[in-house]
Every structure is written in structure tokens, then in C-alpha cells.
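Understanding the architecture of this molecule
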Amino acid sequence: MGAFFDDATTPYRLGLAGMVAGRSDIAWRDRGFLELTDRKKGVALVSGGGSGHEPLHAGFLGEGMLGAVCPGHIFTSPNARQVLEATRAVDDGSGVVHVVKNYTGDVMNFGVAAALAAEEGIRVETVLVGDDVATDLGDGNGDGGGNGDGDGVAGGSGGPGRRGTGATILVEKACGAAAARGAELGVVADVGRNVARRARSIAMSLGGARTPGSAESFSLADDEAEFGVGIHGERGVDRRKRMSVEDAVAEMIDEVHGAAGSPDRVLVLANGLGGIAGLELEAILALACGELESRGARIERTMCGNYITAWDMAGFSLTVLGVDDDLLDLLDAPTSAPAWDAPAPYSGVPEISDGALDDLPAADSGPAQPELSAWVERVLAASDELTELDRKAGDGDFGVNMREALAPFDLPLRGTVGAVLHALGESYLVRAGGTSGAVFGLFFATMGATAGDAESLSDVDLAAVARAGLDAVVELGGAQVGDGTVVDAIEPAVLALEDGGTLADAAHHAATGAEATADRVAGKGRASYVGDAAKGVADPGALVMARFFEALAG
């Protein structure tokens, strides 16, 4: 199931209704378009295209941007009648600029509408956006090479030319700002054409789009990536074995910056195609900025977010726009369009590091601690298994947190028992994060403080040390046996030791307690949020604690 709806028409209709319901400044006109109400007089902008690219185009309705938007069905161009009606509605005699992405259906329908409007005496100028270098087959017709001298759309070998993608919103914003300042129709259109000439984009993805009622537009193996994808779920121009994201971004920036004419001053836009996380997109922006700086470009502005999506495609596009002071003024101008985020002045990409990591104890000097080392080795070997358990009952980060905390240590662990336990605790607290970082960190740090300077486990009162760790964990989270947490494994082991049992006894009781968590509805921790859905899944933290006592038993 790729969507909550099983057909494409229903979310189209309800989605448009929801857009209007959420805004008091726009209205749906029964001739098939969305209109900005109470628009100020002057040159108006009309754009549109297939739905499924939200927030494009409706999110850019607003003073200082679009006056009307013609939405087609998902990934389908609007018809000429919609465009004509929108053009009629917004024209006050000042003229209308059509901002059109270079896709055949859009070009044809906007072209027909412009011709019909002209017959009625409405002045229309068309700005065609064609920035996608993946479809640049220029042979000298048009600019073809991004040198800033053509019309912004290469027409190589009589083909359709570059597709219109990420630069569309930059064109709309610059034109809208010029119109808001009272510029004449021809000036507004020239502003848009200037932006279209100076911007180039390219996209890549790890899979296709999965619109309601349809199969994924294309699929990839886990080790493949698609370069040059379009915004309608189209396959790209190059399918490859997946490279590192650093190398991919470097290649993409090299291509679009060069195709844009290698401008000295740039705006860079990292645009999500609908299926990747915001933090990942920010990371891609950071890589792109580094690449542009390595090429000697001065980054004036950055933009990062989902602006022109391809429904749910797991990919991104990068756009580079050559800028000057006049263009920056237009892009920085205010607008009421809700989806427009003001371009951010660039302040550099800092080196993000955690200074606390430099101060963590290494546990690499002194007597070896074979039992604790064996436990670390076993947990690291099982990290994938632990993550899979956590996916079933939690948020799927447990194995990763274990690896973050334990992998930095060289084995065997060395130092007094107290020092090694303290080092483990500090590593969990600083490196692991999340609930497991706090719980395991406190458990080991407390045991370390209690164990003192003993050089081997045989010299430690393990009942007292483990009791101190258990009490600290219980006080921290309030968990009791039966809540489906680490306490289910730790407490039976501690009680066995306090009753004079051996480490083997403690390990047996810890394992029994950990296994029992699979039969209970968790009362604490991540698994408690999913209730019965976690039944049948042993708590991974309890399993790790059971293995801890097993390692101590040798």
C-alpha cells in the first residue's frame, strides 16, 4: 500500500478542497482553477500543472507570487479551458504572465489558452522554464549549454528540450516580486526569462513514485540509484550502482553549476521529491554548498525543503541559479505565499562535532577484563538482530545505539573493573542517546562507582555492584519486573546473587526474565506505546542485560 487512497481522483478533489479549507485568501472557481482573492491590481501571474507536486503550485499563491493556479489531475497537465478561465479572471488590463514548465502537455494547453486570450484582447506573455540538465539535448538551437544567451529551454534535434523542474518556483518568485513593484508586462516576463536562463537543475532517486491506484513508476535494487529522474515519476537517463551520496552530490553540482555558466555568485536549492527526511535533505544541502565553494562560487542564498515533489519519490534535486544584486532583491522581497521560504543568507557550513567525545575514557590501559570484553563482542555481533527486534516493538534504533556506544572500544577492555564499567557508562551516556543511552549509561556508571579499584571481577562484590546499578535504573524510570524492560532481566539476577547464588544462577534468572518479556504487554519504554502489537517480541534491552550476566558467568 503506497497511499491511503486507492484511486487518484479522490485525493485530487479532496486535496484541492482541503487547500481552500485551510486558507482564507484563496478560492476555488468552478471553471477549474484556484484564485488569490482580493489581489492587488497590476500584472498577474498564472501557473499550473499536474497535481502531486505539492506545494507546487497552489502553495505559491499569494501576493508577490501567483494570482491563479490551474491544477491538473495527478501528474496530468491542466486543460486549455482551465488556463483561459484563470487568465480571464486575473486580468485587470495590465496583462498576464504564464509561467509554464517545459512539459509537452503544459506547453500545448497554456499555448492554446494564450492564443484564445489574445483573441479576446488579453495580453499574455509566456515564460517557459526548462532547467533540467538531464534532458538537455541541445544542438545549438536555444542556448543548449547554459551560457545565458538563449531562451532557457534547449531544443536539441527538434526535441522538446529541457524539462521544467526546480527553477520554476524561482521564476515565479522573481516575476511575482517584479509585478508587485508595478513593473510592466514585458518587464515582468523578461525577469522570468532571465531566471530561467540562469538556472539549472538535476535530480536523483532511489526509487519511483507510487501514486494512488498505481504501481511504483519504476523500481530499483537496493544497490542502485537513478540519475536524471523527472518530477512525474519518470525513470532517469542513467541507472547506476549506488555511489556514496558525497560523490553523487559532487557530480550533480559539477554538472548544474557548469551548465548554468559557472556563475560566481549563486543561490543553491536542495529540493526534496517527497520521500526523504528533512535532516537528510539538509545534509545534502551542506554537501552541495561545500562543492560549490570548492569550485570558487560565492554562495549568496540557500533554500532547502520540499517545494516541487514527485508524490512520494525517494529522491532530491539540486538547482543552481546565478544571481546578482537585482535578482537577490526580487527573491528576498516579501510574499504571502505560504510555501515560499525566504532564501537564507549563506553563513558557511560549520564542522559539527561533539567535543565531549574527546574526553571519554578509552578503557585501554591496565589489567584486561575478559568477561566485559566478551559481552561487548557479543552485543556488537548481534546489533542487527537487536535492531530488528526493536523495529517490531519500538523505533528501530536499539542496535544502532549499542553499536555507537560499544564499537569505539578496542578489545580487550583494560583497566580496573570500576574504570572499565565507568568507561562503558560514559560511552553510553554520550554516544548512544535515546532511552537506551540513558538507562545503560546510568547502570554501568553507577556500577563503576561502586566497584572501586578491584583489578578483576573475582575481587568485586557483584551483588552489591549490580544492586546499585539496578536501583539507579529503577529510580530513573520507575520500571518494575513485568513492565517489559531491562529490569525484567536485571532484578532476577540481582536477587539470585543476593540469595547467595552463583553467577551462573544469576545468568539463568536473567535469561528467563528477558525471555518472559515476549509474553507481556510492556508497561514502560518504547514497546509500551504499541500495546499488544509488541507481544511475542522479547525486549532487546532485557536480552542484552541477560547476555551481560551470561558473560560475567564465563
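Looking at an unreviewed UniProt entry, one finds the protein chain named Dihydroxyacetone kinase subunit DhaK, with Corynebacterium hansenii as its source organism.

Quick look at the sheet that holds strand β9 (residues 238-241) now. The strand order across the open sheet built from seven strands is β9-β8-β7-β12-β10-β11-β13, with neighbouring strands paired in mixed fashion. Bordering the open sheet on either side are β9 and β13 (344-345), each of which pairs with just one other strand. Looking at chain direction, strand β11 (residues 298-305) and β13 are connected through two bridges and run antiparallel. Within β13, the residue paired with Thr302 across the bridge is Ala344.

Strand order in the open sheet formed by six strands is β1-β2-β4-β3-β5-β6, with mixed pairing between adjacent strands. With partners counted over all chains shown, the strands left at the sheet margins are β1 (26-29) and β6 (124-129), one partner each. Within this sheet the neighbouring strands show an average axis-to-axis angle of 25 degrees, counted without direction. Examined bridge by bridge, β1 and strand β2 (residues 33-36) share four bridges and lie antiparallel to one another. Considered in β2, the bridge of Trp28 is made with Leu34. Packing of helix α1 (residues 9-21) onto the sheet brings it into contact with β1, β2, β3 (44-51) and β4 (68-74), and relative to β4 it is tilted by some 155 degrees.

Enumeration according to the criterion identifies two cavities of 30 Å³ or more in this entry. Each pocket or cavity is described by its volume, and for the largest cavity that value is around 80 Å³. Around the largest cavity, the lining comprises 14 residues; the ones closest to its centre are Ser51, Glu54, Leu56, His57 and Pro71. Every element with two or more residues in the lining of the largest cavity is listed here: α1, β3 and β4.

Definitions and cut-offs
- Residues numbered from 1 in each chain as written.
- Predicted model: local features only at pLDDT ≥ 70, side-chain atom pairs only at ≥ 80, totals over all residues.
- Heavy atoms only, no water.
- Pairing = 2+ DSSP bridges.
- Helix = DSSP H or I, 4+ residues; strand = E, 2+ residues; numbered from the N terminus.
- Axes fitted to C-alpha atoms, helices over the stretch in contact; angles between N-to-C directions.
- Contact = heavy atoms within 4.5 Å.
- 1 Å grid on protein atoms, 1.4 Å probe; cavity = no way out; pocket = protein on both sides within 12 Å on 5 of 7 lines; lining within 4 Å.
- Points joined across faces, edges and corners; volume = space filled by probe spheres on them.

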